[in-house]
Amino acid sequence: MRLPLHLRSLRLVLYAYVPYAYVPYEADEIPVTIYFTHMNLKLQIDSARLEQHLIELAQIGARTDGGVCRLAFSDADLEGRAYVEDVLSEAGLEIRIDPVGNLFAILRGTSTLPAIMIGSHTDTVATGGRYDGALGVLAAVECALRIKESGWVPNRSIVVASFVNEEGVRFMPDMMGSLYHSGQISLDAVAAATDLNGVSIGQELTRLQGYAGTETLEDIDVGYFLELHIEQGPVLEDEDLDIGVVTGVQGLSWTEVTVHGASNHAGTTPMERRRDAGLVSGELMSNLRQLPNEIEGLRLTIGSVTYHPNLINVIASKVQFTVDIRHPDSARLQDAEARVKRLLTEQSVCQITCKSLARVEPCTFSEQVVSAVQNASDTSGYSSKQMISGAGHDAQILNSKFRSGMIFIPSRGGISHNIEEYSSLKQVVAGANVLLGAVQHLTEK
Ligand SMILES: [Zn+2]
């Protein structure tokens, strides 16, 4: 098909003045919508550069088994953030570090319309891979670099963000950086959080020179937040899809349960006279496991158990275990919490105390952002489906403050939080291009 003359000449003008623009030579064969979204030039990310950045960041905190360990508020965590900061500041973006160490880089737009924030996190679990979090930050970096070098100045400012302590493995709660940024946790509460060795974040912020900054983003009106992430589940791979258009995140409730018994000799104490915290906790865990059979869609995990004194010939005096429950529906999550409580109080052998460690309501993402992601995916010809995220993410926290959304790409075998975590370069590039496309859509909203 021949393009109308005015479009052909426009194409030539763009090619001449925007040297990095993606304008294939044999353009006459391709519908003109390939090049433009809402009258903007359709940009494509630089896949080789994105791949290089992923490789380089994975070398920071690299484990000998091929995995990555950048626990929050560690030396490797700071080094990882500094790497991202260097790339952004070399590209001429305005860098800001806030008092908990969140990194923001600003690419100024032509208007004062609310800005679009894109990003994720660079901390990892102890046995992490190279994609969880890092992909979202480096794809956001790539979008900003690509927009800047194309010469296109969007009408909205773009803010690249990397939030601290998303994983929450060393210091709780998780998603701490986005909680702080959205005003849901104070600086004092962040500083007071301690790890298992009794080291506080406040101490680490003093030790790690340059980790904490003094800047804020208060003068920038942010309207949107968009995060690219690996799915961390098997759905996209099983259905052979390129993109997950995420419509929301299921809520979660974390409880620490302590079963108080009495320590005594394993050989001399008759069974009927025991207050065995070990045995009681085992029964409780087994009963809790039945809850997902009663509440459809409920996910329940007992991921941590600690026995005291943890000796083979001593009846346990105390057992602590955690209960992680998740559901996309708020009412059902509350129902599950009530049933957990009932199950824990049903027995009378041991006293039980419960402590809530974290609670996040299910979230529904902005229709505007979801449709921008869907559009960007469709325009690029990717296969996609709309889905709920099973894992918690910064976007879910920021949804309370900004119109938010997420993009998923497939995770091989549905594996994450594992050194085996993998997504192919093709999948990574698809996700990053959808991120860039969605940003272009949102600039016109
Ligand atoms: Zn993550």
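This text goes with the structure placed above it.
The residue numbers shown here count from 1 along each chain, following its written sequence. It should be noted that, the model being predicted, local features are given only for residues of pLDDT at least 70 and side-chain atom pairs only at 80 or more, the latter also being counted only at that level, while totals for whole chains, interfaces and linings use all residues. Hydrogens are left out, water is left out, and the side-chain values use all remaining heavy atoms of the structure.

## Quick word on helix 14 (residues 425-443)
Reasoning step 1: Over its 19 residues, helix 14 runs 27 Å from end to end, which matches the ideal 27 Å to within 8%, given 1.5 Å per residue.
Reasoning step 2: Only protein chains enter the accessibility calculation, which uses a 1.4 Å probe; a residue whose area is less than 20% of its type maximum is buried, one above 50% is exposed, and one in between is partly exposed. In this text, helices come from DSSP runs of H or I with a minimum length of four residues, and strands from runs of E with a minimum of two, each type numbered from the N-terminal end. Helix 14 sits mainly inside the fold: 16 of its 19 residues count as buried. To estimate how far a helix should reach, multiply one less than its number of residues by 1.5 Å.

## A short note on the coordination of the zinc ion
Reasoning step 1: Sodium, potassium and calcium take a 3.2 Å donor cutoff, other metals 2.8 Å, and in both cases only N, O and S atoms count; water is not among them, so sites may look incomplete. H121 (NE2), D132 (OD) and H229 (NE2) make up the full set of protein donors to the zinc ion, lying at 2.0 to 2.2 Å.
Reasoning step 2: Of note, the zinc ion draws all its donor residues from one chain, in the sequence arrangement H-x10-D-x96-H. With D132 in the loop between strand 5 (115-121) and helix 4 (134-150) and H229 in strand 7 (residues 222-230), this pair connects stretches of sequence that are 97 residues apart. Taken individually, D132 and H229 each receive the classification buried, so the pair is uniform in this respect.

## Describing the environment of K355
Reasoning step 1: Relative to the assigned elements, K355 resides in strand 13 (residues 351-360).
Reasoning step 2: When the C-alpha atoms of K355 and T255 are compared, they prove to be 5.6 Å apart, with 100 residues separating the residues in sequence.
Reasoning step 3: Any two residues whose heavy atoms approach within 4.5 Å are treated as being in contact. Once residues within four sequence positions are removed from consideration, K355 is found in contact with W254, T255 and E256.

## A word on the pattern of salt bridges
Pairing is possible between side chains that carry opposite charge, provided their charged atoms lie close to one another.
Reasoning step 1: The working definition used for a salt bridge is a side-chain nitrogen of Lys or Arg within 4 Å of a carboxyl oxygen of Asp or Glu. All told, the structure shown has 18 salt bridges when counted by the stated rule.
Reasoning step 2: The closest approach of N and O atoms between D335 and R339, which form a salt bridge, is 3.2 Å. With D335 and R339 both in helix 11 (residues 330-345) and four residues apart, this pair spans about one turn of that helix.
Reasoning step 3: Taking the relative accessible area as the measure of exposure, R339 reaches 23% and is therefore partly exposed.
Reasoning step 4: Two residues, R359 and E361, come together in a salt bridge whose shortest N-O distance is 2.8 Å.
Reasoning step 5: The structure contains a network of salt bridges with shared partners spanning D75, R170, D195, E204 and R207.

## Focus on the packing of helix 9 (residues 277-288) against helix 11
Reasoning step 1: The N-to-C vectors of helix 9 and helix 11 enclose an angle of 150°; their axes lie 10 Å apart at closest approach. Regarding the angle of helix 9 to helix 11, the classification is roughly antiparallel. Where helix 9 crosses over helix 11, the two elements pack in a sense that is right-handed. Facing L284, N287 and L288 of helix 9, the residues of helix 11 in contact are V340, L343 and L344.
Reasoning step 2: Of the residues in the contact of helix 9 with helix 11, the class split is five nonpolar, one polar and no charged. In this analysis an axis means a line fitted to C-alpha atoms, helices contributing only their contacting stretch, and an angle means the value between N-to-C directions, from 0 to 180 degrees. Should an angle fall under 35 degrees it is taken as roughly parallel, and over 145 as roughly antiparallel, whereas 65 to 115 is taken as roughly perpendicular and any remaining angle as oblique. Crossing handedness follows the turn of the near helix against the far one: under a right angle anticlockwise gives a left-handed crossing, and clockwise gives a right-handed one. The classification used treats Ala, Val, Leu, Ile, Met, Phe, Trp, Tyr, Cys and Pro as nonpolar, Asp, Glu, Lys and Arg as charged, and all other residues, Gly among them, as polar.

## Things to note about the pairing of strand 4 (residues 103-107)
If a strand is regular, its side chains alternate between the two faces of the sheet.
Reasoning step 1: Of all five residues in strand 4, five are buried, a share of seventy percent or more.
Reasoning step 2: Burial along strand 4 is two-sided: L103, A105 and L107 facing one way and F104 and I106 facing the other are all buried.
Reasoning step 3: In this analysis, strands are considered paired if DSSP registers two or more bridges between them. Relative to strand 4, strand 3 (residues 94-97) runs antiparallel, the two sharing four bridges. Opposite R96, over in strand 4, you have F104 as the bridge partner.
Reasoning step 4: The antiparallel hairpin formed by strand 3 and strand 4 contains five residues in its connecting segment, where G101 sits at a positive phi of about 105°.

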